[in-house]
Amino acid sequence: MTDTLAENRSDPSAPQPEHHVAPVGPRRNRYGTHLFLIVMAVLWLIPLLWTIYTSLRTKADTDKHGTFSIAHSLTLSNYTTAWSQGSFATALKNSAIIVIPTVLITLFLASLMAFAVSRFSWKFNITLLILFTAGNLLPPQVLATPVFEMYRLIHLPYTVSDSGSVLNTYWGVIAIIVAFQLGFCTFVMSNYMKALPSELTEAALVDGAGVWMMYYKIIMPLCRPALAALGTLEVIWVYNEYFWPLLLITSGDRLPVTTAINNLQGEFLNNYNLIAAGATITLIPTLIIYFALQRQFVAGLTLGGTKG
Amino acid sequence: MSDNPTSVTVAPQTSQSLAPPAKRRRRLQRLTKRDKIVLGFMVGIPVLVELVLIWLPTVASVGLSFTKWNGLALGDIKSNGVGNYSYIFQNYPPFWPAVRHNILWLLFLAVIATPLGLLIAVLLDQRIRGSRIYQTVFFVPVMLSLALVGIIWELMYSPAQGFLDSVIGLFDHSKDAGQPGAIDWLGDPNINIWAALIAATWKHVGYIMILYLAGLKGVDPALKEAAAIDGANERQIFFRVVFPAMRPINIVVVVVTIIESLRAFDIVWIFNKGTNGLELMSALVVQNLIGEGQAIGIGSALAVVLLVVSLVPIVIYLTRTFGKDKQP
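Residues numbered from 1 in each chain as written. Chains lettered and ligands numbered in written order. Predicted model: local features only at pLDDT ≥ 70, side-chain atom pairs only at ≥ 80, totals over all residues.

Draft legend 1. Geometry of the overall build of chain B. Looking only at helices and strands, chain B features 13 helices and 2 strands. Within chain B, buried positions represent 50% of all 328 residues. (Helix = DSSP H or I, 4+ residues; strand = E, 2+ residues; numbered from the N terminus. Buried ≥ 20, exposed ≤ 12 C-beta atoms within 10 Å, placed from the backbone.)

So, in structure tokens, the structure goes:
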């Protein structure tokens, strides 16, 4: 790269830079940049603001004054109606029932796997990591049909599952989401663990500590930052999961909130104000997590991407 | 992004070699029998989960694609040779539109959304005033599920009281929202795919932005200074020094963009279940599974087509990430 630049400099026909640019810090006026960013930011905010604005108006107000009018009365009544008619209490509870075990199990299994492949040499280390990572990248629809049929054909006693199979159970949904998220988490965790000095476990082994002690007492405490970042990311991803509950859960009162919003249109009969209120309710948990744990979330997203 | 399957669940990669020198690592022979058993469980349980729930169904999809089955008893499965494939390629009306839409989805993200995310990241990386606020604004859609993105854009596009038609109504009252002349953005099969693409872009740009912001911070400032001293202008510095230096992130972004466009499902399913101008491969698979009249063989053949196409970026990504390790 420097060669090319050096050639450019010695070649009189090459375009000469108009002026020397200092590598850091603003030197030119940035009105153009600001204008562009402001326009883009406004465009990006419109859908959110429109949703919130619609949710605060009544259908009567919109019908009377037109959609684009200034609201003559703002109200929270859409929220109370949407909350009860859309059974949001149940849907949010279902989300919690799915999200909490999924994230805990995923992080636990991924940390076990990452520990084993990052601290010890196995013949099939790379093969297994490839298998995990590739599995994580597949479109879920590729395996949707066999998963659905497999769940349908596994018979469970009716005391365990009222459908008599794995279909329509929380555990069925949890299992498949865990399997899908496992690849990503293992990959990130194993990269993180590899960066820890090998002397840590060497010393422990000399002292006669077993493998489990190494994992539990030495490696895991050092992985807290990675677990926090990954955990935050996974909570939001699993909360946002739409497809698997849509496919595997048949009774509406068991749907988590992200999948249940699909039914809002039908239930609220094109009352857009109610739909907007429902959408805003769904949005709130995500925003709370985001603003509370913003740094963790961004760290999680870029965890594997910035290293090395 | 499983966006979920939305979310985007693509593993950001690292350029760092995954296998540290072997001598630094513990040999298994030095472990006690008990330790070996513990390790066996540590690897065995996650591998079992992955094999039974991901890879066994994937292989089963391939198997089922050569059969005819109504999805009831296992005994009803009958061999159908390549019949499902010739049917979807020749006689299944939504197949080619779905292929076109998936390609369009990829092109739109690759040509518009991804470069836009890169541009915004580059602008925000210049220590601009209010950078944090801009980042938050572009990032909020990344947090939302694709399903919610679909609902939010439905409110934007609705001909009854949507934002877009209301804006148009300011200029032409006959096309105002609620008027019979209002444009039905999601109902018109000629334009609804573009409406869906804009909704997808709304989320995709922020994700690309955040990946590149991290990538730009990782570029050694000395490289930029050296290029500036050599007389390179800002544009040259970016395209010849900074962008090539972000190669690991660039690969992640390419893979994210391809995989996202193959996984696209939630938004069109929210809009109209992937019909009438919004056909996508993933939606066709699901229509054949839970729609009326289950056609498992046909759905599986569609899934296999999707699998084969997906394997291209997956293999490229894996060879880039793990390929080096095989060399000594």
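Text resumes after the structure shown.
Draft legend 2. Examining the overall build of chain A more closely. Along the backbone of chain A there are 15 helices and 0 strands. Within the span of chain A, comprising 308 residues, buried residues form 46% of the whole.

Draft legend 3. Spatial organisation of the domain arrangement of chain A. Residues and elements named next belong to chain A. Domain annotation of chain A identifies domain 1 (30–75) and domain 2 (88–302). Here domain 1 and domain 2 have C-alpha centroids that lie 35 Å from each other. Opposite the 8 residues of domain 1 that make contact, domain 2 presents 7 residues. If you list the elements that add at least two residues to the side of domain 1 that touches domain 2, you get helix H2 (31–55) and helix H3 (59–65). If you tally residues by element for the side of domain 1 that touches domain 2, the top one is H2, at 4 residues. Within the side of domain 1 that touches domain 2, the residues separate by chemical class into 1 nonpolar, 5 polar and 2 charged. (Domains from an automatic or database assignment. Contact = placed C-beta atoms within 7 Å. Nonpolar A, V, L, I, M, F, W, Y, C, P; charged D, E, K, R; others polar.)

Draft legend 4. View of the packing of helix H8 (residues 170–194) of chain A against helix H11 (residues 224–239) of chain A. Residues and elements named next belong to chain A. Look at H8 against H11: their axes get within 11 Å of each other, and the N-to-C directions meet at 160 degrees. Relative to H11, the element H8 is oriented roughly antiparallel. At the point where H8 passes H11, the crossing takes the right-handed sense. In this structure, H8 contributes Ile 177, Gln 181, Cys 185, Val 188, Met 189 and Tyr 192 to the contact, and H11 contributes Ala 226, Leu 230, Glu 234 and Val 238. The residue makeup of the contact of H8 with H11, split by class, is 8 nonpolar, 1 polar and 1 charged. (Axes fitted to C-alpha atoms, helices over the stretch in contact; angles between N-to-C directions. Parallel < 35°, antiparallel > 145°, perpendicular 65-115°, else oblique. Left-handed = near helix turned anticlockwise from the far one by under 90°.)

Draft legend 5. A look at the nonpolar core. Residue and element names in this part refer to chain B. In this structure, Ala 196, Ile 210, Ile 267, Val 268 and Leu 302 are the most contacted members of the largest nonpolar core, which totals 180 residues. Tallying contributions element by element places helix H7 (residues 192–217) first for this core, with 17 residues. Of all hydrophobic cores here, the second largest spans 6 residues; its members include Ala 227, Ala 228, Ala 232 and Val 241. (Core = buried A, V, L, I, M, F, W, Y, C linked by C-beta atoms within 7 Å.)

Draft legend 6. Spotlight on helix H4 (residues 131–143) of chain B. Residues and elements named next belong to chain B. Taking 1.5 Å of rise per residue, 13 residues should cover 18 Å, and H4 covers 19 Å from first to last C-alpha, within 8% of that figure. The largest bend along H4 reaches roughly 25 degrees and is located at Val 137, with the proline Pro 141 sitting one to four residues downstream. For H4, the set of buried residues is Tyr 134, Gln 135, Phe 138, Phe 139, Val 140, Pro 141, Val 142 and Met 143. (Expected span 1.5 Å × (residues − 1). Bend = angle between axes of the 7 residues up to and from the residue.)

Draft legend 7. A look at the domain arrangement of chain B. Domain annotation for chain B reports domain 1 (64–93 + 295–328) and domain 2 (100–278). Between domain 1 of chain B and domain 2 of chain B, the C-alpha centre-to-centre distance is 30 Å.

Draft legend 8. Looking closely at the environment of Leu 287 of chain A. Along the polypeptide, Leu 287 of chain A turns up in helix H15 (residues 272–302). A residue is classified by how many C-beta atoms lie within 10 Å of it, and Leu 287 of chain A, with 14 of them, is partly exposed.

Draft legend 9. View of unusual backbone geometry. Although it is not a glycine, Asn 168 of chain A sits at a positive phi angle of roughly 65 degrees. Considering the arrangement of structural elements, one finds Asn 168 of chain A in the loop between helix H7 (141–153) and H8. Even without being glycine, Arg 127 of chain B reaches a positive phi, approximately 50 degrees. Among the structural elements, Arg 127 of chain B can be located in the loop between helix H3 (95–124) and H4.

Draft legend 10. Looking closely at the confidence of the model for chain B. Per-residue confidence for chain B averages 85 on the pLDDT scale, and 88% of its residues sit at or above 70. Taken together, the stretch residues 1–24 of chain B has pLDDT below 50 and engages in 88 contacts with residues farther than four places along the chain or on a different chain. (pLDDT = per-residue confidence, 0-100.)

Draft legend 11. Structural context of the packing of helix H10 (residues 247–263) of chain B against helix H13 (residues 296–322) of chain B. Residue and element names in this part refer to chain B. At their nearest, the axes of H10 and H13 sit 10 Å apart, and the two run at 165 degrees to each other. Of the possible angle classes, the one that applies to H10 and H13 is roughly antiparallel. Considering the relative orientation of H10 and H13, their crossing is left-handed. For the pair H10 and H13, the contacting residues are Ile 251, Val 255, Ile 258, Ile 259 and Leu 262 in the first and Leu 306, Val 309, Ser 310, Pro 313, Tyr 317 and Arg 320 in the second. When grouped by side-chain class, the residues that make up the contact of H10 with H13 number 9 nonpolar, 1 polar and 1 charged.

Draft legend 12. Fine view of the environment of Asn 125 of chain A. Residue and element names in this part refer to chain A. Mapped onto the secondary structure, Asn 125 falls in helix H6 (residues 125–137). Exposure remark for Asn 125: the 20 C-beta atoms within 10 Å place this residue in the buried category. Residues Asn 125 and Ala 114, 11 residues apart in the sequence, show an inter-C-alpha distance of 10.0 Å.

Draft legend 13. Layout of the confidence of the model for chain A. Residues at a pLDDT of 70 or more form 85% of chain A, whose mean pLDDT is 82. Confidence drops under a pLDDT of 50 for residues 1–27 of chain A, and excluding neighbours within four residues, the segment shows 29 contacts in the predicted structure.

Draft legend 14. Focus on the environment of Leu 48 of chain A. Residue and element names in this part refer to chain A. Position of Leu 48 among the secondary structure elements: in helix H2. A count of 19 C-beta atoms within 10 Å places Leu 48 in the partly exposed class. Separated by 121 residues in the primary sequence, Leu 48 and Thr 169 have C-alpha atoms spaced 34 Å apart.

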